[in-house]
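Chain by chain, the residues run as shown.
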Amino acid sequence: MVSVTINGQTLDVDAGTTVLQAAQRLGIEIPTFCYLKRLPPLASCRMCLVEIEGLRRLQPSCATAVTDGMVVRTDTPLIDETRSSMLDMLLANHPLDCPICDKGGECELQDMVMAYGPGKSRFHDPKRVFHSRDIRLSPVVIMNVNRCIQCQRCVRMCEEVVGAVALGTVEKGMDTAVTGFEGSLASCDQCGNCIEVCPVGALMSFPYRYKARPWDLAETDTVCPHCGTGCQLTVGARKGEFMRVRSKEEHGVNRETLCVRGRFGLDFIEGHDRIKRPMIRRDGVLAPVSWDEAGAYLRRRLAAVESRAAGGIVSPRLPNEVLYQFQKLMRTVFGTNNIDCSSRWSTPFDALAPLMANYTRAPLKEVIGVDRVLVIGGNVTEENPVTEYLLRDAARRRHTGLLMLTTRPSRLDADADVVVRVPPGGEAANIADLVARLAVAAGEKLPGDALDELGATKGRPAGNGSDGPDRLAAALNEGSTITVLVSVDLLRSSEARASLQQLSNLLQLLRLLGKTPELQLLFDRANQLGAWDMGAVAGALPGLRAVADDTGRAALARDWAAELRHEPGVDLDGMLDLCAAGQMGVLYLVGTDPMIAYPDREFVARALGAVDLLIVQDGFLTETAGLAEVVLPAAGYGEEPGSFTNNEGRVQQVRKFREPVFEARGNLAIFDFVAASRGQTLQHSTQVEIFEEIARLIPAYQALTWAGLGADGAFTKAGPTPPAGTFCAPPPVSQKRDGLTLITGNCLFHNGYLSERSEILNTVANDPYVALSAENAAQLGLADGDQVVVRSPRGALTAQLKVERAFPTGLVFVPENYRSLRLNSLMRRGEYPCPVEVQKAQTEREIDGKARIWRGA
């Protein structure tokens with residue numbers, strides 16, 4: 001520790017602390033332009049100059065480290081004169097167009113001039129002008145270079161944090177200008193973080209431009225609905241109309257940054273296919289009715305199927321309170337444990353439970369501040385972009401060793417120490433291989449029986465022909481603390497259960513080696529962890545207690561005043577099997593669309609068509625809703641309050657910023673409506689009451705209060721570390737696949753299907769595409785931009801080819817986010833990843849020419 005005195009106040013700080021950081025701890029304000037907490041200091045704006053006793057010149061406080069006994073002044077006449085002169089120089093070339101500038105009212109330059117600026121300028125020369133008109137850098141970013149004050153926050157944010165390097169500077173001195181490559185941001189993530197950090201109106205949001213002034217907006221702090229990172233954001237609305245999104249530097253896991261979906265993708269709430277009124281099927285057609293008519297119809301139909309099986313599927317994008325109340329409704333009112341919370345894969349809870357017992361509920365920044373971080377599966381860049389920002393920061397500034405074991409390449413590979421490619425569907429075998437290699441590398445640190453159980457003494461898979469697997473095992477062995485981040489893409493595979501078992505092996509082995517492993521999953525849905533915690537799965541009650549746990553079940557039965565079944569229900573696959581066999585009386589879907597998401601379109605269409613009573617509760621008229629007998633219009637994002645539990649285990653409030661549109665009702669009110677149609681009532685119907693019940697009954701949420709979910713949310717508690725168990729046997733060595741193999745997932749500009757309803761995202765997103773390696777494209781005679789057909793034994797789709805130079809050969813990737821592609825029509829349940837063929841699509845001219853030849857023949 002070193003001691004520093006600033007303006008007469010003495011403080012002890014850690015060595016390496018800057019004067020600016022020390023002053024902030026004392027509550028002493030020092031103005032800055034170029035400084036940002038998460039960026040290395042630049043010291044270019046000279047606004048933060050201070051006097052240090054013993055030094056002749058003023059020093060930039062943002063880049064000057066404290067030394068023991070240092071005495072600092074921040075408010076002397078010389079400092080005041082210097083700040084005033086710096087502002088005068090900035091104003092000399094700054095256009096005085098505040099009345100039309102979007103930054104007016106929240107401009108840092110305005111604030112600085114008011115607080116520290118000169119009363120009168122000494123400069124009378126003509127102002128420097130770069131361009132007479134604003135430059136449209138991208139569909140969402142527009143620039144007025146004349147307003148730039150050359151702080152370079154935008155350039156550094158883009159390069160250091162986002163990793164996109166889409167912005168740069170040209171020229172020198174007062175002629176320095178920030179720009180994109182050839183005046184374009186074509187290679188940009190379109191995240192808008194450059195707009196957020198710009199202190200003036202040099203970079204602006206084109207969708208928000210000229211729409212409102214800051215003082216016109218009613219702002220609401222809430223949580224992003226697009227992925228499980230759980231970024232906090234602030235929604236600005238005027239008279240109930242959505243206007244913009246911004247973020248705040250001091251709050252949330254994201255701390256000012258957002259991705260393109262979070263900043264520009266919330267206008268999906270204005271989607272044109274909102275359900276306006278309840279609907280029931282008459283003469284084969286959905287007809288709008290009143291809520292009273294829908295209630296009467298539902299009472300008759302529910303009575304008719306009361307003795308038959310029931311099941312429910314709910315979206316993990318919904319708040320905890322909705323998820324909790326839904327599973328309670330299904331278990332008490334419908335008397336079933338047939339519940340799941342995904343329409344893309346079934347949750348193998350028996351294999352998932354041991355993994356969740358090891359889950360680390362702590363800030364991601366702390367979890368990745370270790371010696372080694374191993375990322376398994378998925379593409380963090382595209383699925384959890386803000387998590388990628390934090391991982392990049394850990395690798396570059398905190399010197400964390402980043403290790404990648406993935407199928408798809410990502411931009412994060414450039415910052416990784418070791419990258420190992422996994423063949424599609426080979427996750428289980430490759431994790432088992434890693435465990436065996438790590439056991440061998442650890443050598444004498446392990447007991448002999450552990451080596452035998454892991455198969456490490458019986459040889460190991462040959463790997464991928466490189467030294468990457470051995471280097472990966474060696475890196476894990478050398479690290480003293482290790483975090484494992486796992487993409488939920490692993491749950492898609494038909495080998496999901498084996499992959500989860502091998503992950504448990506890896507964690508247990510790391511614990512035996514004294515590595516104190518941490519684990520978090522990289523969910524691509526905003527409340528997937530919350531959905532599991534709330535018990536929206538067939539095999540588990542709230543709190544992830546097994547349905548067969550008599551003590552836990554009895555406690556819930558007493559509290560709910562209802563009898564609960566002790567038999568575990570069936571998951572998504574099991575429910576669809578019951579439907580297809582004609583054994584499902586009522587299937588209740590809330591906010592989910594299996595017709596698009598389930599990996600077998602033909603089967604799910606047949607299964608849903610065989611249900612006696614299909615009830616769909618949603619905000620949008622989805623394809624699944626189009627098959628329903630009863631459709632109930634539900635409030636959408638921002639139209640009801642609640643809470644999300646993000647990937648860290650952090651519970652944050654999702655706040656309401658507008659009223660439900662048309663005749664939509666809140667999800668909880670609809671649950672009461674459905675329960676009443678069955679002649680029963682649900683206890684507790686408000687968000688606060690339900691949250692209090694959650695906090696009382698779920699151990700991880702105990703001691704949390706609704707009022708206690710402050711600006712940064714509150715963390716759930718991890719359970720005790722489970723005792724060491726036996727290792728699972730390694731899976732059989734998977735056979736190398738010949739030909740091309742299709743996998744899917746999210747893309748950068750879209751997450752799921754809500755984002756595709758965003759007009760703004762659709763202006764920046766790629767058209768539907770098929771990604772393929774350069775080598776495979778050359779072999780097939782294809783070029784980037786060609787229209788290609790992807791064909792499987794089940795069907796075919798046509799889209800534009802995107803050649804990816806970093807892709808491994810044999811891999812085909814098609815984003816799951818485009819409804820028009822009907823990607824799931826290529827797939828057969830239980831066979832993912834699936835083999836496909838890719839060929840160039842015939843043009844209309846070629847088809848017409850062949851038709852003429854055929855007719856002539």
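Our subject is the structure listed above.
If you're wondering where the values come from, they're calculated on a predicted model, not measured in any experiment.

> Mind laying out the packing of aromatic side chains, listing which residues take part and the relevant values?
A complete count under the given rule lists 11 aromatic pairs for this structure. When the ring of phenylalanine 326 is compared with that of phenylalanine 671, the centres are 5.8 Å apart and the planes differ by 45°; the resulting orientation is tilted. Taken as a pair, phenylalanine 326 in helix 8 (residues 320-332) and phenylalanine 671 in helix 22 (residues 667-677) lie far apart in primary sequence, 345 residues in all. On the accessibility criterion, phenylalanine 671 (0% relative accessible area) is buried. Here a set of aromatic residues connected by ring pairs shows up, and it is made of Phe326, Phe334, Tyr588 and Phe671. Looking at arginine 274, its charged tip hangs above the ring of phenylalanine 620, at a distance of 5.4 Å from the centre. The ring centre of tyrosine 769 lies 4.6 Å from the NZ or CZ of lysine 802, which sits over that ring.

> I'd like a rundown of the sheet that holds strand 6 (residues 135-136), residues and numbers included.
Strand order in the open sheet formed by three strands is 6-7-10, and the pairing between neighbours is antiparallel. On the outer flanks of this sheet lie strand 6 and strand 10 (203-205), each paired with one strand and no other. Where strand 6 meets strand 7 (residues 141-143), two bridges bridge the pair, whose relative direction is antiparallel. Looking at strand 7, one finds that arginine 136 is bridged to isoleucine 142.

> Would you mind going over the packing of helix 9 (residues 349-356) against helix 16 (residues 496-512) in detail, with residue names and values included?
The contact between helix 9 and helix 16 brings their axes to 9 Å, and the two run at 20°. Judged by the angle between their axes, helix 9 and helix 16 are roughly parallel. Considering the relative orientation of helix 9 and helix 16, their crossing is left-handed. Of the residues in helix 16, those touching helix 9 at Asp350, Ala351, Leu352, Pro354 and Leu355 are Arg497, Leu500, Leu503, Ser504 and Leu507. Residues that form the contact of helix 9 with helix 16 fall into these classes: seven nonpolar, one polar and two charged.

> Describe in detail the nonpolar core, supporting the description with residues and values.
Core analysis: the biggest nonpolar cluster contains 105 residues, and Phe334, Trp532 and Tyr588 have the highest contact counts within it. Not counting residues within four places of it along the chain, the set of residues in contact with tryptophan 532 comprises Cys341, Trp345, Thr347, Leu352, Met356, Leu491, Leu521, Phe523, Val537 and Leu544. Counting residues in each nonpolar core, the second largest holds 98 residues, with Cys198, Leu266, Ala526 and Phe657 among its members.

> Now, about the sheet that holds strand 29 (residues 650-654): what can you tell me, with residues and values included?
Whether parallel or antiparallel, the strands of a sheet pair through hydrogen bonds between backbone atoms. The antiparallel open sheet is built from three strands, whose spatial order is 28-29-30. Only two strands of the sheet have a single partner each, and these edge strands are strand 28 (642-645) and strand 30 (714-715). As defined by bridge partners, strand 28 adjoins strand 29 across four bridges and the pair is classed as antiparallel. Considered in strand 29, the bridge of threonine 645 is made with valine 651.

> How would you summarise the state of the cysteines if you had to cite specific residues and measurements?
In total, this model carries zero disulfides according to the counting rule given. Cysteine cysteine 34 remains unbridged, with the sulfur of cysteine 45 as its closest cysteine sulfur at 3.7 Å. Using a relative accessible area of 2% as the deciding quantity, one classes cysteine 34 as buried. Cysteine 107 provides the cysteine sulfur closest to cysteine 101, a residue in no disulfide bond, and the two sulfurs are 6.4 Å apart.

> Go over unusual backbone geometry, please, and point to the residues and values.
Put simply, tyrosine 832 and proline 833 share a cis peptide bond, and its omega is -5°. Inspection of the secondary structure assignment puts proline 833 in the loop between strand 35 (811-815) and strand 36 (834-840). Despite not being glycine, glutamine 152 shows a phi value in the positive range, around 60°. Summarising the element assignment, glutamine 152 is placed in the loop between strand 7 and helix 4 (153-162). Note on glutamine 152: relative accessible area 26%, which makes it partly exposed. Its identity as a non-glycine residue notwithstanding, glutamate 256 has a phi of 90°, on the positive side. Assignment of secondary structure puts glutamate 256 in the loop between strand 13 (241-246) and helix 6 (260-264). Overall, glutamate 256 belongs to the buried group, its relative accessible area being 10%.

> Give me the lowdown on the pairing of strand 32 (residues 769-773), citing residues and values where you can.
With five of five residues buried, strand 32 lies mostly within the body of the structure. With burial as the criterion, each face of strand 32 is covered, one bearing Tyr769, Ala771 and Ser773 and the other bearing Val770 and Leu772. Direction of pairing for strand 32 relative to strand 35: antiparallel, over a ladder of two bridges. Bridge pairing in strand 35 links leucine 772 to valine 812.

> Outline helix 4, supporting the account with residue identities and numerical values.
When you tally the buried positions in helix 4, you get eight out of 10 residues, the bulk of the element. Of the residues making up helix 4, those classed as buried are Arg153, Cys154, Val155, Arg156, Met157, Cys158, Val161 and Val162. Elements that come into contact with the buried residues of helix 4 comprise helix 3 (108-116), strand 8 (167-170), strand 9 (177-180), helix 5 (193-197), strand 10 and helix 12 (385-397). Looking at the residues trailing helix 4, positive phi occurs at glycine 163, about 80°.

> Explain the pattern of salt bridges to me, using residue names and the numbers behind them.
Two side chains carrying opposite charge are able to pair once their charged atoms lie near each other. Across all of its chains, the model carries 55 salt bridges by this definition. A salt bridge links aspartate 134 to arginine 209, with the shortest nitrogen-to-oxygen separation between them at 2.1 Å. Placement of the pair is aspartate 134 in the loop between helix 3 and strand 6 and arginine 209 in the loop between strand 10 and strand 11 (218-223), with a sequence separation of 75 residues. Here aspartate 559 makes a salt bridge to arginine 696, at a shortest N to O gap of 2.6 Å. With aspartate 559 in helix 18 (residues 550-560) and arginine 696 in helix 23 (residues 687-697), this residue pair connects regions lying 137 residues apart in the sequence. Residue arginine 696 is classed as partly exposed on the basis of its relative accessible area, which comes to 41%. It is possible to trace a salt-bridge network through shared partners that takes in Asp189, Glu388, Arg392, Arg396, Arg411 and Asp415.

> Could you give an account of the environment of asparagine 146, naming the residues involved and the relevant values?
Relative to the helices and strands, asparagine 146 resides in the loop between strand 7 and helix 4. For the pair formed by asparagine 146 and valine 129, sequence separation is 17 residues and the distance between their alpha carbons is 5.8 Å. Aside from chain neighbours lying at most four places away, what touches asparagine 146 is Asn93, His94, Pro95, Arg128, Val129, Phe130 and His131. Polar side-chain contacts of asparagine 146 include one of 2.8 Å to the backbone oxygen of histidine 131.

> Give me the side chain of threonine 624: which residues, what numbers.
Mapped onto the elements of the fold, threonine 624 is located in the loop between strand 26 (613-618) and strand 27 (630-633). In this structure threonine 624 comes out as buried when scored by relative accessible area, which is 0%. A polar contact of 2.4 Å, which involves the side chain of threonine 624, links it to the side chain of aspartate 593. Among the polar contacts listed, one links the side chain of threonine 624 to the backbone nitrogen of methionine 595, at a separation of 3.1 Å. What threonine 624 contacts, discounting residues up to four positions off in sequence, is Leu589, Thr592, Asp593, Pro594, Met595, Leu608, Leu614 and Val616.

> How would you explain the pairing of strand 34 (residues 795-804) if you had to name every residue and give the values?
Note: strand 32 against strand 34, five bridges, orientation parallel. Bridge pairing in strand 34 places leucine 772 opposite valine 803. Pairing analysis gives six bridges linking strand 33 (residues 787-792) to strand 34, with the strands arranged antiparallel. Within strand 34, the residue paired with valine 789 across the bridge is threonine 798. Hairpin connection of strand 33 to strand 34: two residues between the antiparallel strands.

The rules we used
Residues numbered from 1 in each chain as written. Predicted model: local features only at pLDDT ≥ 70, side-chain atom pairs only at ≥ 80, totals over all residues. Heavy atoms only, no water. Phe/Tyr/Trp six-rings, centres within 6.5 Å; stacked < 30°, edge-to-face > 60°. Helix = DSSP H or I, 4+ residues; strand = E, 2+ residues; numbered from the N terminus. Buried < 20%, exposed > 50% of the residue type's maximum accessible area, 1.4 Å probe, protein only. Lys NZ or Arg CZ within 6 Å of the ring centre and 35° of its normal. Pairing = 2+ DSSP bridges. Axes fitted to C-alpha atoms, helices over the stretch in contact; angles between N-to-C directions. Parallel < 35°, antiparallel > 145°, perpendicular 65-115°, else oblique. Left-handed = near helix turned anticlockwise from the far one by under 90°. Contact = heavy atoms within 4.5 Å. Nonpolar A, V, L, I, M, F, W, Y, C, P; charged D, E, K, R; others polar. Core = buried A, V, L, I, M, F, W, Y, C linked by side-chain atoms within 4.5 Å. Disulfide = S-S within 2.5 Å. Salt bridge = Lys/Arg side-chain N within 4 Å of Asp/Glu carboxyl O. Polar contact = N/O pair within 3.5 Å; in protein donor to acceptor, adjacent residues only side chain to side chain.

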